[in-house]
Amino acid sequence: MKRVKRFGVYQTSKVVAITLFVASLLLMILFSLIFRFLPGNKILGYGFGGGLFFFLLPILYGVMGFIITAITCLIYNFISEWTGGIEVEFENRDEESVDEESEVGESEDEERSNK
């Protein structure tokens, strides 16, 4: 078992913020397309902040995600000094075993397609 002793606050927060921004931007684009075709919908018009809302929300998610993740990392780093951190188990795999498994998977796929 290995232990996560500490998290890099800035790097972890940056990754989470960018992930939240991209995910929420994609969702807002999807929702804006759905709402565009709903009858009587005013969300993309002048009601509900207009279309600006759909572009500001991902930025807000990214900023808040950065702040909350930074605080959480700082708390974890502080607590892990007493508790020892989270235990994680990794599996060591060599390239030969990975190649053998992929060959087995390919042969099984070929057998299924031949049926």
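Residues numbered from 1 in each chain as written. Predicted model: local features only at pLDDT ≥ 70, side-chain atom pairs only at ≥ 80, totals over all residues. Heavy atoms only, no water.

J.: Sorry if this is basic, but what is going on with the overall build of the chain here?
T.: Along the chain, the regular secondary structure elements total three helices and two strands. Secondary structure elements in the chain, listed N-terminal to C-terminal, are β-α-α-β-α. In the chain, which comprises 115 residues, the share counted as buried stands at 17%. Nonlocal contacts in the chain, meaning residues at least 24 apart in sequence, comprise 75% of its contacts between residues at least 6 apart. Accessible surface for the chain amounts to roughly 9400 Å². Of this, 65% is attributable to carbon and sulfur atoms. (Helix = DSSP H or I, 4+ residues; strand = E, 2+ residues; numbered from the N terminus. Buried < 20%, exposed > 50% of the residue type's maximum accessible area, 1.4 Å probe, protein only. Contact = heavy atoms within 4.5 Å. Areas by Shrake-Rupley, 256 points an atom, 1.4 Å probe, with all protein chains shown as cover.)

J.: Got a minute to help me understand helix α1 (residues 9-36) in this structure?
T.: Note on helix geometry: an α-helix contains 3.6 residues per turn, so any two residues three or four positions apart are oriented the same way. In this model, α1 (28 residues) spans 40 Å end to end at C-alpha, consistent with the 40 Å of a helix rising 1.5 Å per residue. Taken as a whole, α1 has its buried residues at V9, S13, A17, S24, M28 and S32. (Expected span 1.5 Å × (residues − 1).)

J.: How should I be thinking about the packing of aromatic side chains in this particular structure?
T.: Aromatic ring pairs are reported here in terms of the distance separating the ring centres and the angle at which the planes meet. Here the structure, examined in full by the defined rule, presents three aromatic pairs. Between the aromatic rings of Y10 and F66, the centroid separation amounts to 6.1 Å while the plane-to-plane angle is 70 degrees, which identifies the pairing as edge-to-face. With Y10 in helix α1 and F66 in helix α2 (residues 52-83), this residue pair connects regions lying 56 residues apart in the sequence. Residue class for Y10 comes out exposed when judged on its relative accessible area of 53%. (Phe/Tyr/Trp six-rings, centres within 6.5 Å; stacked < 30°, edge-to-face > 60°.)

J.: When you look at the packing of α1 against α2 in this model, what are you seeing that I'm missing?
T.: Helix-helix packing: each pair is described by the crossing angle between the helix axes and the interaxial distance. At their nearest, the axes of α1 and α2 sit 7 Å apart, and the two run at 150 degrees to each other. Judged on the interaxial angle alone, α2 and α1 are roughly antiparallel. α2 is crossed by α1, and the crossing has right-handed handedness. For the contact of α1 with α2, the residue count by class is 19 nonpolar, eight polar and one charged. (Axes fitted to C-alpha atoms, helices over the stretch in contact; angles between N-to-C directions. Parallel < 35°, antiparallel > 145°, perpendicular 65-115°, else oblique. Left-handed = near helix turned anticlockwise from the far one by under 90°. Nonpolar A, V, L, I, M, F, W, Y, C, P; charged D, E, K, R; others polar.)

J.: Hey, could you run me through α2 in this one?
T.: The terminal C-alpha atoms of α2 lie 46 Å apart, and with 32 residues this matches the ideal 46 Å at 1.5 Å per residue to within 8%. Residues of α2 that are buried in the fold lie against β1 (2-4), α1 and β2 (86-88). G84 sits one or two positions beyond α2 and adopts a positive phi of about 95 degrees.

J.: Is there a simple way to think about the confidence of the model for the chain in this case?
T.: In regions of low pLDDT, the predicted coordinates are not meant to be interpreted in detail. Mean pLDDT over the chain stands at 81; residues scoring 70 or higher make up 72%. Mean pLDDT across the secondary structure elements of the chain bottoms out at helix α3 (residues 95-114), with 61, and peaks at β2, with 93. (pLDDT = per-residue confidence, 0-100.)

J.: For this particular structure, what's the right way to read the pattern of salt bridges?
T.: Oppositely charged side chains are able to pair whenever their charged atoms sit close together. Across all of its chains, the model carries one salt bridge by this definition. For E87, the salt bridge identified is with R3, shortest N-O distance 2.7 Å. Taken as a pair, E87 in strand β2 and R3 in strand β1 lie far apart in primary sequence, 84 residues in all. By relative accessible area, which is 43% here, E87 ends up partly exposed. (Salt bridge = Lys/Arg side-chain N within 4 Å of Asp/Glu carboxyl O.)

J.: Help me understand the environment of T72 in this model?
T.: Structurally, T72 can be placed in helix α2. T72 gets classed as partly exposed once you look at its relative accessible area, which sits at 46%. Sequence-wise, T72 and F7 are 65 residues apart; in three dimensions their C-alpha atoms are separated by 9.7 Å.

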